Each structure stands twice: as structure tokens, then as C-alpha cells.
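Read off the chains here:
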Amino acid sequence: MDSLEQQRALGFTAKSPRWSIAYKFPAEEVATKLLGIELGIGRTGVVTPTAILEPVRVAGTTVGRASLHNEDLIRDRDIRIGDTVLIKKAGDIIPEVIRVVEEDRTEEQVPYHMPTHCPTCESELVRLEGEVALRCINPKCPAQLKEGLIHFVSRNAMNIDGLGEKVVVQLFEQKLITDVADLFFLSGEKLVELERMGEKSVQNLLASIDKSRENSLEKLLFGLGIRHVGAKAAKVLAQYFETMDALRIAEKEALIEVPDIGEKMADSIVAYFENEEVHDLLAKLEKAEVNMIYTGPKLELMPEEALVFANQKVVLTGKLEHLKREEAKALIESLGGNVTGSVSKNTDVVVAGSEAGSKLAKAEELGIAIWSEQKLMEYLPDEGGQNK
């Protein structure tokens, strides 16, 4: 729609304008041979098949692997090892198998069947009711433990600098860690023996691990990888229950009273904390002096006039000079706001840094309130813990 008035009337969804549509050229499709199917086990136990391909050039890069998603897709598309298959990059990014070139098939190819047991720990695989994925439900499966460790140290979880995926894998394979609590008992003597770990790197890593002990409860909750509990739900739960002890004894009825927590998530949380191994893990984390209390702002205890963004949708745009983007987001949420990614007629405030572009222009066009970073910083707590 060319009319600005019509654009305003139609507005935006969370991701795109309702008044325009994008047309793209068809993705490039290339034929290659399927050499094999490799199975990966994620931190939740889901078994994900990946096609191993004869390397071929697709949309500017050489592709040797492509997603097959799950057993149903392999069966529905009748994909067999040795087949010639057509592949493309979904969204010009992720390689995927589109279909088999049936005219090239011979009698040599046979239908592929997913294994009945986990390729890592050999436990029996199950398909839970209502799910298409096969899943390993052994909590001690090495593949799950390794992926869980990688998730635990990630940026949105405990955010431990220096613990990248390669270091975590090294630590796990050297049996220096078997669960997330072991990270807090690592010694410099053991770490310095690892590849590419000098004394300075070890000092920095230990300092980062030590710092992470002080994280607020929501970081630990998200890091534990409770099924269905994402970063946002972890924050809501931490704010509501305030301590790990209060959360782990909460019954389903109490959990579903919490905003954004449904029955499915509540069932998952109750089941998680009923596990004896989880009790042992939490005791080990407590012994390691890992914080289990919510230390963020308590919305219900703040004076109403301090919640300047109460129930408002806020968009961040441009380069912030003094605050990191995550810090600005956390500050806005502590003031009652909800940070979204795009500007629409439903946006209440846009916080604009330097070099702000189309989002700022859209805000001006729609007459939305615009804040500077300096104005937002006025609500940072001072050294006494009070808002400025």
C-alpha cells in the first residue's frame, strides 16, 4: 500500500507490516547424493537426523550436510541412503532436502529406519504422546549432558565468559565435569593441562565462573534447562517465587496462577523438581555457593509512579553509548515495560540511540513518544539503590 494513511490503518504484526508483501526469487535447487544419515541428540533428548551429502555448491557456499528434521519427514518423502536428492537453502540460509530424484533410483537403495536405541547411551528411544520426535529419556545420556552443559554456560543462561563449546566438550571428555555443578569446583591445576589453556586464560575463566555464582535466580533457572521453561518464563517464575526453595515445593495449582505459566509448563516444572537427581544437583550447587535467590527488581514492591513503562510496549533502536542492549532491556522491564522488536501503532515508546534509522522514522511518522538514552538512564538506581 502506498498510502501512509492506509499503512497506519493496517499496522504491523510482531514481525512484519500488514500493508506490504515481499516477493523473492525461488531458492536455487541442486542435485547431489545422500551418503548417509547422522543422528544427533539434543539436551532434551530429541533425536535429530542430519543428511550427509556429497559436497555440492548451493547459493554461494559448499554444502555437505542438510536437516532432515524427524523420522516422519524421512518416511513421507521416502528418503533412502544412496538416493540422488534435491537440496536448497531454506530462507537462503539453512540447507534442507526437498525431495528424492526418483528417476535416478536403483534397486540398491533401501528404506531408512530410525534406530530403536540411543546411538550414544544405547537406552531405548521413545516417542512421547503428541510428538513427532523420537527421544532418549535417559537423564545420564552423555550427549544430553554435554548439550546441557553448553546451554548452562551460554549467554542467556549463566553467561560464563571463556567457556565456549570447545572448552566445555574438552572438560566433559576429560571427565573434569559431569554435571553443571562440577563447573564451580574446577581447579586451576586441572584447567591448565587442557589444550590452548594458558595460565592467564585459566585465571580469567575461574574469575568468570566465580562471578556467575552471583547471578540472579532466573539465570540459573534458565540454565538448568527445565523443559518448556525459556528465558522469559524463568524471569517470571523467579520474580514470583523469589527463591529456589519456594519454587521447587510449589504445586501445580500455585504455578498456573503465575502470569504466562500454563498447565503444560507447570506439569514440566513439577516433574523436574520431583526428580531425586535434581535434588542432589541443587544441593551440590548450594554447596558451591551458587546464588538461588532472585536479586532483580520486584515490580510489586516498587511505587506505582516508578513503573513509568507499566503495561507499555517499548522498542530499542540505534546505538546506545552507555548501556548494553541487554542492560537497557532489563531496565525497561524493571520499570514495567515489554520490549518488542518492531514499531507499530501499538508501540508506546521508542528509545533511540545514535544512528537510529527506519524504526525512529516510523515512530515519528506514527507520533509515538521518543526517549533518548539519557532520559532512560535517569531511572538507573544510584549507589544507594534508589532511582535517580
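Chains are numbered independently. Their residues run from 1 in the order of the written sequence. Only residues with pLDDT of at least 70 are given local features in this predicted model, and only at 80 or more are side-chain atom pairs given and counted; all residues enter the totals for whole chains, interfaces and linings. Side-chain metrics rest on all non-hydrogen atoms present in the structure, leaving aside hydrogens and water.

## Digging into the domain arrangement of the protein
Here's step 1: Domain boundaries in the protein define domain 1 (28-137), domain 2 (142-213), domain 3 (217-288) and domain 4 (313-379).
Here's step 2: Here the bounds of each domain stem from an automatic or database domain assignment. For domain 1 versus domain 2, the separation of C-alpha centres amounts to 32 Å.
Here's step 3: Any two residues having at least one pair of non-hydrogen atoms within 4.5 Å are treated as being in contact. Counting from both sides, the interface comprises nine residues of domain 1 and, opposite them, six residues of domain 2.
Here's step 4: For domain 1, the biggest contributors to the area lost against domain 2 are I41, R43 and T120; these three give 76% of the whole.
Here's step 5: Basic side-chain nitrogens of Lys or Arg form a salt bridge, by our definition, when they fall within 4 Å of a carboxyl oxygen of Asp or Glu. On the surface where domain 1 and domain 2 come into contact, there are zero salt bridges.
Here's step 6: Here a polar contact means two N or O atoms within 3.5 Å. Within protein one must be a hydrogen donor candidate and the other an acceptor candidate, and residues neighboring in sequence count only if both atoms are side-chain atoms. Taken together, the links from domain 1 to domain 2 amount to one residue pair in polar contact (both at pLDDT 80 or more).
Here's step 7: Tallied by class, residues from the side of domain 1 that touches domain 2 come to four nonpolar, four polar and one charged. We define buried area as the total accessible area lost by two parts upon association, computed with a 1.4 Å probe and summed across both. Side-chain classes are defined by residue name, with Ala, Val, Leu, Ile, Met, Phe, Trp, Tyr, Cys and Pro counting as nonpolar, Asp, Glu, Lys and Arg as charged, and the others, Gly among them, as polar.

## Some thoughts on the layout of surface pockets
To locate leftover empty space, one rolls a probe as large as a water molecule over the atoms.
Here's step 1: Here a cavity is any set of points on a 1 Å grid over the protein atoms alone where a 1.4 Å probe fits but cannot get out, and a pocket is any open set with protein on both sides within 12 Å along at least 5 of 7 lines; a residue lines the site when it has an atom within 4 Å of a point. Grid points are joined across faces, edges and corners, and a volume is the space filled by probe spheres set on the points. Of the voids in this model, the largest pocket is the one considered here, and its volume is about 1,900 Å³.
Here's step 2: Lining the largest pocket are 45 residues; nearest its centre among them are E218, K235, K329, A330 and E333.
Here's step 3: Helix numbering and strand numbering both begin at the N terminus, where a helix is a DSSP run of H or I of at least 4 residues and a strand a DSSP run of E of at least 2. Of all the secondary-structure elements, those providing two or more residues to the lining of the largest pocket are α6 (199-212), α7 (217-223), α8 (231-241), α13 (325-334) and β9 (338-340).
Here's step 4: Top element by residues in the lining of the largest pocket is α13. It accounts for eight residues.
Here's step 5: Residues that form the lining of the largest pocket fall into these classes: 15 nonpolar, 14 polar and 16 charged.
Here's step 6: There is about 1,100 Å³ of room inside the second largest pocket.
Here's step 7: Lining the second largest pocket we find 30 residues, and of these R43, P139, Q144, Y272 and N275 sit closest to its centre.
Here's step 8: Of all the secondary-structure elements, those providing two or more residues to the lining of the second largest pocket are β7 (135-136), α3 (142-152), α11 (263-274) and α12 (276-287).
Here's step 9: A breakdown of the residues in the lining of the second largest pocket according to their chemical character gives 13 nonpolar, nine polar and eight charged.

## Examining the pairing of strand β10 (residues 349-352)
In regular strands, side chains alternate between the two faces of the sheet.
Here's step 1: Burial of the side chains of β10 extends over both faces: V349 and V351 are buried on one face and V350 and A352 on the other.
Here's step 2: Following DSSP output, two strands are said to pair if at least two bridges run between them. Sheet topology places strand β8 (residues 313-317) next to β10; four bridges connect them, and they run parallel. In the sheet register, L316 faces β10, and the bridge partner there is V351.
Here's step 3: Sheet topology note: the β10/strand β11 (residues 369-372) ladder contains four bridges and is parallel. Paired with V351 across the bridge in β11 is W371. Remark: exposure states derive from per-residue accessible area (1.4 Å probe, protein chains only) relative to the maximum for the residue type, with buried under 20%, exposed over 50%, and partly exposed in between.

## Quick notes on α11
Here's step 1: The span you would expect from a helix comes to 1.5 Å times its residue count less one. In this model α11 runs 16 Å from its N-terminal to its C-terminal C-alpha over twelve residues, within 8% of the 16 Å that 1.5 Å per residue would give.
Here's step 2: Where α11 is concerned, the buried positions are M265, A266, S268, I269, Y272 and F273. The buried side chains of α11 occupy one side of the element, clustering within an arc of 160° when seen end-on. More than 90 degrees from the buried face of α11, the exposed residues found are E263, K264 and E274.
Here's step 3: In this fold, the buried residues of α11 make contact with α8, α9 (244-248), α10 (252-255) and α12. Comment: arc refers to directions from the helix axis out to C-beta atoms.

## Overview of the pattern of salt bridges
Here's step 1: Using the criterion set out here, one finds 20 salt bridges in the structure.
Here's step 2: Of the charged contacts in the structure, one is a salt bridge between R127 and D72, with a shortest N-O distance of 3.2 Å. With R127 in the loop between β6 (125-126) and β7 and D72 in helix α2 (residues 71-76), this pair connects stretches of sequence that are 55 residues apart.
Here's step 3: The class of R127 is partly exposed, set by a relative accessible area of 38%.

## Details of the packing of aromatic side chains
The relative placement of two aromatic rings is captured by the distance of their centres and the angle of their planes.
Here's step 1: Paired rings are identified among Phe, Tyr and Trp, the last through its six-membered ring, by centres lying within 6.5 Å, and are further divided according to the angle between planes into stacked (under 30 degrees), edge-to-face (over 60) and tilted (the rest). Summed over all chains, the structure comprises four aromatic pairs.
Here's step 2: Geometrically, the ring pair formed by F309 and W371 is tilted, given 4.7 Å between the ring centres and 45° between the ring planes. Of this pair, F309 sits in the loop between α12 and β8 while W371 sits in strand β11, and the two are 62 residues apart along the sequence. The burial state of F309 is the same as that of W371; both residues are buried.

## Let's talk about the environment of I150
Here's step 1: By the element assignment, I150 lies in helix α3.
Here's step 2: The class for I150 is buried, based on a relative accessible area of 17%.
Here's step 3: Each C-alpha atom, one on I150 and one on E165, is 5.9 Å from the other, the two residues being 15 residues apart in sequence.
Here's step 4: Excluding anything up to four places from it in sequence, I150 contacts E165, V168 and V169.

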